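# A look at the structure
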Amino acid sequence: MMAARALVHGPQQPAELLFRDVHVLDPREPIDARHDVRIRGGEIAELAPPETLERLEAEELVEGQGRLRLLPAFFDPHVHLRTPGQEHKEDLETGTRAAAAGGYGAVLAMPNTDPVLDSAPLLRSLRDAAAREARVSVGFLAAITRGLAGEQLTEMAELAQEGALGFTDDGRPVESAGMLLKALQYQRLCGGVLALHEEDPTLSRGGSMHEGALSAALGIRGIPTVAESTMVARDAALAGYESGRVHFQHLSCTASVEAVADAKARGWRVSAEVTPHHLLLTEQDVRGLDTRMKMHPPLARETDRQALIAGLRDGTIDCVATDHAPHARDEKEVPFERAPMGTTGLETAFAALHTGLVLGGVLELGLLVERMTAGAGLFELPIARITPGVGANLALVDLDAEWVAGEHGWESRSENCCFAGRRLTGRVLMTVAAGGIAYRERACSVVAA
Ligand SMILES: [Zn+2]
Ligand SMILES: [Zn+2]
């Protein structure tokens, strides 16, 4: 049963690599210094002082010039790969290619597919497909309720046995407190984290943006922040009551951060994530009614953004998640109120956060790397480390490289990225996932083929 709970990835060649004189940064070791790093048979074989290791015949040489950073590969606990059923938006191959291009070594896919991932046979077939097609490691969360309808629990124990890493109705809240309580009781038997999309639909009422002066001025129905924060507080209390384990998805406002801090102070087993767009954008970015800025929860006020940054810094918020949500062009090219919610994010997350927060002097690089890798631990998976003897999960980045997001297209099948057209600083040059080279940047001169 435990073996089934591992991540899956497609077939790959174990990497034979020598990173010469790269600046290794792993906040957990901790290491923040120049090293030579040898990868043999897909494993980190050796760390040595810079310019001391000789290249072996079978090895590809990567020259870091003391400048390129070698980081543990990132982990995203929240992506929508859209398969089965919506392959015109994304599939396992394109979604994991986008992940690899963003420096991610592993992602967790959401079950709001068509059909919904709510049965063991479908989970089995998805895991088989990932073992053929996935460029990086993939894990699957199964639905909490059948069809995400909120009325009947799924066969959680059977799904856990088949390899579900947790449960979520993401895209929708679990509206009924009684239903969530029941799910928490089943969790006791079968394990797995309950990941929660928090939204009280009687408060959000089909709104399209943050409720406030701007939504009033634009004449667009708003969603008040209490639609999220009251549900966070409710479900934290339920988790506390049942001694259950819940993870709050895509926090967006001050009151939610406070509710999580309060729950943690009481010793309840809760964790939380925040997206790059909620850390970097506000409702002001919605002013032009660009549908790429329409997502759930909506971008809120500057004070909310500051609270999210503070929460991420002090650990109230445990990790960054992209909520990568691809949509086809014709679905997004409609009036703002009719457009579906969601932005892609895998390919821009690190660069956008590096540009906006690290270069902005708001967050230290090591802490950003910690928060972009911590999601694995929350789902009881090993966190990528740069130390001899472990499988190689690595991201090689050039922190000085400038690029315009989307300028040369996307690896994702969809292009609804809220950061498109922005000048970003920091570029992923190579990603090693589960021991194999999952991505190399096309124009990268230091990484010869
Ligand atoms: Zn959601
Ligand atoms: Zn989502």
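In what follows, the accompanying structure is described. Small disclaimer: the values here were computed from a predicted structure and weren't measured. (Residues numbered from 1 in each chain as written. Chains lettered and ligands numbered in written order. Predicted model: local features only at pLDDT ≥ 70, side-chain atom pairs only at ≥ 80, totals over all residues. Heavy atoms only, no water.)

With that settled, the discussion passes to the coordination of the zinc ion (ligand 1). At the metal site, the zinc ion (ligand 1) is ligated by Asp 170 (OD), His 197 (ND1) and His 250 (NE2), and these contacts range over 2.1 to 2.2 Å. Look at where the donors of the zinc ion (ligand 1) fall in the sequence and you get D-x26-H-x52-H. Here the zinc ion (ligand 1) and the zinc ion (ligand 2) are spaced 3.6 Å apart, with Asp 170 acting as a shared donor. With Asp 170 in the loop between β9 (166-168) and α4 (177-190) and His 250 in the loop between β13 (245-248) and α8 (254-265), this pair connects stretches of sequence that are 80 residues apart. (Donors = N, O, S within 2.8 Å, 3.2 Å for Na, K, Ca; no water. Helix = DSSP H or I, 4+ residues; strand = E, 2+ residues; numbered from the N terminus.)

Taken as a whole and assessed by the stated rule, the structure comprises 29 salt bridges. A salt bridge links Asp 91 to Arg 413, with the shortest nitrogen-to-oxygen separation between them at 3.0 Å. Taken as a pair, Asp 91 in the loop between β6 (74-79) and α1 (92-101) and Arg 413 in the loop between β16 (394-404) and β17 (423-433) lie far apart in primary sequence, 322 residues in all. Overall, the relative accessible area of 15% leaves Asp 91 in the buried class. Of the charged contacts, one joins Arg 146 and Glu 155 as a salt bridge, the two residues approaching to 3.4 Å between their closest N and O atoms. The class for Arg 146 is partly exposed, based on a relative accessible area of 36%. (Salt bridge = Lys/Arg side-chain N within 4 Å of Asp/Glu carboxyl O. Buried < 20%, exposed > 50% of the residue type's maximum accessible area, 1.4 Å probe, protein only.)

Contact geometry of helix α12 (residues 349-358) with helix α13 (residues 365-373) gives a least axis separation of 11 Å together with a crossing angle of 145 degrees. For the element pair α12 and α13, the recorded crossing hand is right-handed. Facing Ala 349, Phe 350, Leu 353, His 354 and Val 358 of α12, the residues of α13 in contact are Leu 365, Leu 368 and Met 372. (Axes fitted to C-alpha atoms, helices over the stretch in contact; angles between N-to-C directions. Left-handed = near helix turned anticlockwise from the far one by under 90°. Contact = heavy atoms within 4.5 Å.)

The next point concerns the pairing of strand β3 (residues 43-48). Bridge count for strand β2 (residues 31-40) against β3 is 5 bridges, and the pairing is antiparallel. Bridged to Arg 38 within β3 is Glu 46. Counting the residues in the hairpin turn of β2 and β3 gives 2 residues, including Gly 41, whose phi is positive at 55 degrees. (Pairing = 2+ DSSP bridges.)

On to the sheet that holds strand β10 (residues 193-196), then. Overall, parallel pairing links the 8 strands, which are arranged β6-β7-β8-β9-β10-β13-β14-β15 in an open sheet. Every other strand in the sheet has two partners, leaving β6 and β15 (319-320) as the edge strands with one partner each. In this structure, strand β8 (residues 137-142) lies alongside β9, joined through 2 bridges in parallel fashion. Looking at β9, one finds that Ala 142 is bridged to Phe 167.

The end-to-end C-alpha separation of helix α2 (residues 120-133) is 20 Å, in line with the 20 Å expected for 14 residues at 1.5 Å each. When α2 is considered as a whole, its buried residues turn out to be Ala 120, Leu 122, Leu 123, Leu 126, Arg 127, Ala 129 and Ala 130. Looking at the buried residues of α2, the elements they touch are α1, β8 and α3 (156-161). (Expected span 1.5 Å × (residues − 1).)

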